[in-house]
Amino acid sequence: QVQLVESGGGLVQAGASLRLSCAASGRTFSSYAMAWFRQAPGKEREFVAGISWSAISTYYADSVKGRFTISRDNAKNTVYLQMNSLKAEDTAVYYCAASGRPITTQEMGYNYWGQGTQVTVSS
């Protein structure tokens, strides 16, 4: 079992930066691929970024490539999402997810989910 708790969301102006954190419980965190998804009001949840268990591989949605960076610290059981140059369209609830399989952009590939943290970007 893995429990995930996100933090770091908030209200910022366009162009600002935020760093989201996802703290995981469990001794096997380092064996899980991790990802961030987001869901905007009235829209389906979408993949944002993913990172392999070793941190060697990372993947990003085209909409955030070059602005967001995913990273992890296995010693701290934490995964991060650094978000720069935020836009109004980045406004959403951001969810952390863990998978015992290789990274996928599909929700069904993730076994564990956090409760989400709200990010609001004002234009």
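For the structure, see preceding data.
Sequence order as written defines the numbering, with residues in each chain counted from 1. Side-chain atom pairs in this predicted model are given and counted only at pLDDT of 80 or more, local residue features only at pLDDT of at least 70, and totals for whole chains, interfaces and linings cover all residues. The side-chain values count all of the structure's non-hydrogen atoms but skip hydrogen atoms and water molecules.

**Concerning the overall build of the chain**
Moving on, step 1. Secondary structure summary: the chain contains 0 helices and 11 strands in total.
Moving on, step 2. The helix and strand labels rest on DSSP assignments: H or I over at least four residues marks a helix, E over at least two residues marks a strand, and numbering proceeds from the N terminus. Tracing the chain from N to C terminus, the helices and strands come up as β-β-β-β-β-β-β-β-β-β-β.
Moving on, step 3. Using C-alpha atoms as the atom set, the radius of gyration is obtained and then compared with a globule rule of 2.2 Å times the number of residues to the power 0.38. Relative to the compact-globule value of 14 Å for 123 residues, the chain shows a C-alpha radius of gyration of 13 Å, a close match.
Moving on, step 4. Seen through its C-alpha atoms, the chain measures out along the principal axes to roughly 40 × 25 × 25 Å.
Moving on, step 5. Considering only residue pairs separated by 6 or more positions, the chain has 57% of its internal contacts joining residues 24 or more positions apart.
Moving on, step 6. Accessible surface is estimated by sampling points in the Shrake-Rupley manner with a 1.4 Å probe; for residues, cover comes only from the protein chains shown. Total accessible area computed for the chain in this model is approximately 6,400 Å², and 48% of it derives from carbon and sulfur atoms. Two residues form a contact once any of their heavy atoms are found within 4.5 Å.

**A short note on the side chain of Ser99**
Moving on, step 1. Looking at where Ser99 falls in the secondary structure, it is placed in strand 9 (residues 92-99).
Moving on, step 2. Burial here depends on accessible area, computed with a 1.4 Å probe over protein chains only, as a share of the maximum for the residue type. Under 20% is buried, over 50% is exposed, and the range in between is partly exposed. Overall, the relative accessible area of 0% leaves Ser99 in the buried class.
Moving on, step 3. Aside from chain neighbours lying at most four places away, what touches Ser99 is Tyr32, Ala33, Gly109, Tyr110 and Asn111.

**Looking at the packing of aromatic side chains**
Moving on, step 1. Only rings of Phe, Tyr and Trp enter the pairing, Trp through its six-membered ring, and a pair is recorded when the two centres are within 6.5 Å. The plane angle decides the type: under 30 degrees is stacked, over 60 is edge-to-face, the rest tilted. Using the criterion set out here, one finds 5 aromatic pairs in the structure.
Moving on, step 2. Seen in terms of ring centroids, Phe37 and Trp113 are 5.0 Å apart; in terms of plane orientation they differ by 55 degrees. Their pairing is tilted. Taken together, the residues span a long stretch of sequence, with Phe37 in strand 4 (residues 33-39) and Trp113 in strand 10 (residues 112-113) at a distance of 76 residues.
Moving on, step 3. Relative accessible area serves as the criterion here: at 26%, Trp113 is assigned to the partly exposed category.
Moving on, step 4. Taken together, the ring pairs in this structure connect Phe37, Phe47, Tyr110 and Trp113 into an aromatic cluster.
Moving on, step 5. In this analysis the charged atom, NZ for Lys or CZ for Arg, is taken to sit over a ring once it is within 6 Å of the ring centre and within 35 degrees of the ring normal. For Arg45, the ring lying beneath its charged end belongs to Tyr95, and the centroid distance is 4.7 Å.
Moving on, step 6. Just above the ring of Phe29 sits the side chain of Arg72; from NZ or CZ to the centre is 4.6 Å.

**Side note on the nonpolar core**
Moving on, step 1. The criterion is simple. A nonpolar core is a set of buried Ala, Val, Leu, Ile, Met, Phe, Trp, Tyr and Cys residues joined through side-chain atoms within 4.5 Å. Formed by 30 residues in total, the largest nonpolar core has its most connected members in Leu4, Met34, Trp36, Leu81, Met83 and Tyr94.
Moving on, step 2. Looking at this core, the elements with two or more residues in it are strand 3 (18-24), strand 4, strand 5 (46-51), strand 7 (68-73), strand 8 (78-83), strand 9 and strand 11 (117-122).
Moving on, step 3. Within the second largest apolar cluster, 5 residues are counted, among which are Phe37, Phe47, Ala97 and Tyr110.

**Quick look at the side chain of Thr78**
Moving on, step 1. Within the secondary structure, Thr78 sits in strand 8.
Moving on, step 2. Using a relative accessible area of 10% as the deciding quantity, one classes Thr78 as buried.
Moving on, step 3. Throughout this description, a polar contact denotes any pair of N or O atoms lying within 3.5 Å of each other; where both atoms belong to protein, one of them has to be capable of donating a hydrogen while the other can accept it, and for residues adjacent in sequence the pair is counted only when both atoms sit in side chains. Of the polar contacts made by the side chain of Thr78, one reaches the backbone oxygen of Lys76; its length is 2.8 Å.

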